[in-house]
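Architecture and fold: a report
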Amino acid sequence: MPINFKIIEALILTKLNLKAFADGKLEFTSEQKEKLKATFGDKTEELTAKFSKEYNAKLEAGLNSKELDQTINAFLEENSNSEANTEDGEGNEEEESILQKAQKVIEIGASKDKQIKQLQADLLKLANEPEPETSIETVKLDNMKQIGHSETHLFSSNEKFNAIEGRSWNKNFKDITSKESTLDTVALTEWNTINIEKINSDIQDYAAKFSPNIETLLRDSYGIPAHWKLVSGVSDKYIMAKLVSGEITQARKKDWLPKNKSRFVPQIGKVYDVQIDIEYEGYELQKLEKTWLQSQFDLNGSDPYKLSFVQYLVENLIKHARKEDKIVLVKGVYNPSEDSNTPASYLNRMTGLLKLISLNRNQTYVPFKLGKPTKQNIFEYVKKMCDSLPYDIKTLPELRFGISPSWLRAYKEGWEFAKGVNTDYKGTMDSVDGYPNVKFDSLVQLEGSDLFYITLPDNITVMVDKVGEENNFSMIKKIRGIQIACDYKLGIMIECFGADIKASKMVSFENQLFFSNDVEICNDVYVPADANTTTLTAKYHNAIIVGKGNTSPKEVTDIIDVTPGELIYLKGDNEENPSTIKNNDKIILSGGDCVLKPNIELVLLVRSDSKLLEIKRVDLAKEYDGVKLNSDVTELDAAEGMEFVTSENTSQVEISDILNAIPGETYRITGGSDTNPSILKKSNSKFSLASDITLTTGKFIELTFTGQKFIEGKRG
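Model, not experiment: these values are computed from the prediction. (Residues numbered from 1 in each chain as written. Predicted model: local features only at pLDDT ≥ 70, side-chain atom pairs only at ≥ 80, totals over all residues. Heavy atoms only, no water.)

Remarks on the overall build of the protein
A count of helices and strands for the protein gives 16 helices and 33 strands. Expressed as a percentage of its 716 residues, the buried residues of the protein come to 44%. By sequence separation, contacts in the protein at least 24 residues apart represent 64% of the contacts at least 6 residues apart. Counting only carbon and sulfur atoms, one obtains 49% of the accessible surface of the protein, whose full area is about 39100 Å². (Helix = DSSP H or I, 4+ residues; strand = E, 2+ residues; numbered from the N terminus. Buried < 20%, exposed > 50% of the residue type's maximum accessible area, 1.4 Å probe, protein only. Contact = heavy atoms within 4.5 Å. Areas by Shrake-Rupley, 256 points an atom, 1.4 Å probe, with all protein chains shown as cover.)

The structure is reproduced here in structure tokens:
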């Protein structure tokens, strides 16, 4: 029956023997509330508060009882067939009062009282019953949406993998949803050879049937921008030809004088073989089956009844694999491992975006020489990159600026500071300030990298061989478990970096489609050296794990396949049998021999004569706390580092300068002693400070060098 304020009004007033609006403003007494509890239960307090507020508002607005009479008459007419209204077979011929009519409303409601009380009881039970840890298993199906199955298939879909016969996992689902069984009592599948072969066949059917859905899942799982192209059908290499053209227009002349010179620049993208090897115990596959059954009864889900077991299994395996794929697409460094007898790192199975950029930088495109970005210069840094683009590039309708999420946040803060706006602003920043056509691509895979790049929206392509082969998981029943295998291909390419119309001429900004800064990249991803080797190779990468798999301590005397000007990063990975980098005429170590135990990193610079010179060695396990200054030091040297810690002085000394500082860089000075602590003074013309600071233990100050003086950033 329709319920509105006036019906509730009639119920309450009749119950309390009150006349509508005749008794003035309504204030419920505790006795009146007790009477109403018999009808409204625990909702009485809330209901009376809201009702009295509405009632008194209408009273003040001049509402009269005639309107109530009309409402009740309409209600009684609507319920003219109820027993309460036709108890004697005919209505009362005399004019009835509002009170009498309201009483009939009560009688009509009484006929449904049992149903209302049951609903109240259900609500109380749900509200007061604590949620058990395994609530999804014990939930009753009485109030659930009914799931439609045919006699032969789940969801009446007629898909082979949804067939019930011969597939106990599908039969379990049907039995539970038809209340013939429960999650507690259902007999989970015995994953024997027959059932493994059946699920194998279903996986192939699913992959063939739903390859478009799988491609969408792939794109979502890879976490790649929507404008990157996804190309299939690449079994080994993908050749993309870009036409690079010179000038074609000129002043009018009588003779035919063609001046355009063009050439095709082939770009070759490669896909790499990927191997997945997973092994489950039988009970683990049963756990997956039970998790699938449980997931179908998520009462809070918006669309909970459409996932078959084969789809659930495939998508979970895909998501697991794509977690690694999305990282390796950007950070991967290829290192051959076909003959390896130990599992290789997923980061070494293909060449990713950053490594492609590293290989092509200063070869097929020229980077902007901007140095490292800092939080202080990030806003101008990004603007300078865009300002440096050739005119015909910067005016294109759309460009993409690749950047990590943390650097994008820093840019936003720099923008707010430069514009003098509120730093609590929560808006999104989609494009570079002043360049609405240069849209940001915030890639989580770039997190930790200082690389920024600018290119066309469709210049980056992800390549696969056959869409859906990533889902062709094959299961094999073994004595002690179930092996799951999958082989597929994956690659990424940048279709065009740059090329000049004269093949022998070095590229320049004017004939590039890809632009970046010149920071060091890929130095946090390592490739392993061969075990027990005494000669390292930088053929595949300049960051190398050394000593892994050694059966005895080894001495490394040479590093080959190096490129002049590059940095070589060596990190140890063997505590018991480490490799030692020997100081000799090929590897010049200022600190002498370096034993590469785990977490020890040695950084070498390749000279023009291919000899290697030590730059630094670091214990990565120790928290870096800066350069420890000698006593009574007054001038710091930025060539030694960017963070400094003072020492105990013989008398209080003033730090007067930081030598060899780089414009745009930030330097941090931390107090290391309370005995005659070092100070910085506001009066020093080389510093711009809010006030003097005494660097007692733990106190610090950060200073950014502008090229002229050091500006205080923060202190603490």
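Having seen the model, we can carry on.
Points about the sheet that holds strand 13 (residues 527-528)
Strand order in the open sheet made by the 6 strands is 13-15-18-22-23-20, with mixed pairing throughout. Only two strands of the sheet have a single neighbouring strand rather than two, namely strand 13 and strand 20 (587-588). Here 7 bridges tie strand 22 (residues 600-606) to strand 23 (residues 612-619), and the two strands are oriented antiparallel to one another. By the bridge assignment for strand 23, Ile600 is matched with Asp619. (Pairing = 2+ DSSP bridges.)

Remarks on unusual backbone geometry
Here Asn362, not a glycine, exhibits a phi torsion of approximately 65°, which is positive. Inspection of the secondary structure puts Asn362 in the loop between helix 13 (353-360) and helix 14 (378-387). Look at Asn362 and you get partly exposed, because its relative accessible area is 38%. For Cys522, which is not a glycine, the phi torsion comes out positive at approximately 65°. In this fold, Cys522 is placed in the loop between strand 12 (514-516) and strand 13.

Some points on the environment of Asn170
As for its position among the elements, Asn170 is in helix 8 (residues 168-177). On the basis of relative accessible area, Asn170 is assigned to the buried category, the value being 0%. Beyond its immediate stretch of four places on either side in the chain, Asn170 contacts Leu154, Phe161, Asn162, Ala163, Ile164, Trp292 and Phe309. A distance of 3.0 Å separates the side chain of Asn170 from the backbone oxygen of Phe161, its partner in a polar contact. (Polar contact = N/O pair within 3.5 Å; in protein donor to acceptor, adjacent residues only side chain to side chain.)

Notes on helix 16 (residues 405-419)
Helix length check: helix 16, at 15 residues, gives a terminal C-alpha distance of 21 Å against a target of 21 Å (1.5 Å per residue), a fit within 8%. Those residues of helix 16 that fall on the buried side of the exposure criterion are Pro405, Trp407, Leu408, Ala410, Tyr411, Lys412, Gly414, Trp415 and Glu416. Tucked inside the fold, the buried residues of helix 16 contact helix 14, strand 5 (399-403), strand 6 (431-432) and strand 7 (435-442). Looking one or two residues beyond helix 16, the residue adopting positive phi is Gly420, at roughly 70°. (Expected span 1.5 Å × (residues − 1).)

What about the pattern of salt bridges?
A complete count under the given rule lists 20 salt bridges for this structure. For Lys171, the salt bridge identified is with Asp175, shortest N-O distance 2.9 Å. Taken together, the residues Lys171 and Asp175, both in helix 8 and 4 residues apart, mark about one turn of the helix. Looking at Lys171, the relative accessible area reads 43%, which means it is partly exposed. The buried category is assigned to Asp175, whose relative accessible area is 12%. (Salt bridge = Lys/Arg side-chain N within 4 Å of Asp/Glu carboxyl O.)

Overview of the sheet that holds strand 30 (residues 687-688)
Taken in spatial order, the 6 strands make up an open sheet running 24-26-28-32-33-30, and their pairing is mixed. Strand pairing shows two members of the sheet lacking a second neighbour, strand 24 (627-628) and strand 30, which therefore form its edges.

Concerning the confidence of the model for the protein
Per-residue pLDDT for the protein has a mean of 76; in total, 68% of the residues score no lower than 70. Within the protein, helix 7 (residues 135-138) has the poorest average pLDDT of any element, 32, and strand 8 (residues 453-455) the best, 97. Within the model, the stretch residues 81-94 combines pLDDT values under 50 with 10 contacts to residues more than four positions away or in other chains. Confidence drops under a pLDDT of 50 for residues 257-264, and excluding neighbours within four residues, the segment shows 26 contacts in the predicted structure. (pLDDT = per-residue confidence, 0-100.)

Focus on the packing of helix 14 against helix 16
Contact pair helix 14 / helix 16: the axes reach a minimum separation of 7 Å and the direction vectors enclose 100°. Here helix 16 runs roughly perpendicular to helix 14, going by the angle between their axes. Residues Ile378, Phe379 and Val382 of helix 14 lie in contact with helix 16, whose contacting residues are Trp407, Ala410, Tyr411, Gly414, Trp415, Ala418 and Lys419. (Axes fitted to C-alpha atoms, helices over the stretch in contact; angles between N-to-C directions. Parallel < 35°, antiparallel > 145°, perpendicular 65-115°, else oblique.)

Notes on the packing of aromatic side chains
A full pass over the atoms with the stated rule returns 15 aromatic pairs. Both rings, one in Tyr411 and one in Phe440, keep their centres 5.3 Å apart while their planes meet at 65°; by these two values the pair is edge-to-face. In this pair, Tyr411 sits in helix 16 while Phe440 sits in strand 7, placing the two residues 29 residues apart along the sequence. Grouping aromatic residues by their ring pairs yields a cluster made of Phe379, Tyr381, Phe401, Trp407, Tyr411, Phe440 and Phe452. (Phe/Tyr/Trp six-rings, centres within 6.5 Å; stacked < 30°, edge-to-face > 60°.)

Structural notes on helix 8
At 3.6 residues per turn, the α-helix brings residues three or four places apart onto the same side. The buried count for helix 8 comes to 8 of 10 residues, which makes it a mostly enclosed element. What helix 8 keeps buried is the set Trp169, Asn170, Asn172, Phe173, Lys174, Asp175, Ile176 and Thr177. The first or second residue beyond helix 8 is Lys179, which carries a positive phi of 70°.

Topic: the environment of Phe515
Mapped onto the elements, Phe515 comes out in strand 12. For the pair Phe515 and Thr455, spaced 60 residues apart in sequence, the C-alpha separation works out to 6.4 Å. Those residues in contact with Phe515 that sit more than four places away from it in its chain are Tyr365, Phe368, Leu389, Pro390, Ile393, Phe452, Tyr453, Ile454 and Phe509.

With respect to the side chain of Thr455
Tracing the sequence through the fold places Thr455 in strand 8. Within the structure, Thr455 has its side chain in polar contact with the backbone oxygen of Leu513 (distance 2.8 Å). With residues up to four places along the chain from it excluded, the contact list for Thr455 reads Leu399, Arg400, Ile460, Leu513 and Phe514.

Observations regarding the pairing of strand 15 (residues 543-546)
With burial as the criterion, each face of strand 15 is covered, one bearing Ala543 and Ile545 and the other bearing Ile544 and Val546. Relative to strand 15, strand 13 runs parallel, the two being bridged by 2 bridges. Bridging across to strand 15, Pro528 finds its partner in Ile545. Bridge analysis of strand 15 against strand 18 (residues 567-572) gives 4 bridges, and the strand direction is parallel. Bridge pairing in strand 18 places Ile545 opposite Lys571.

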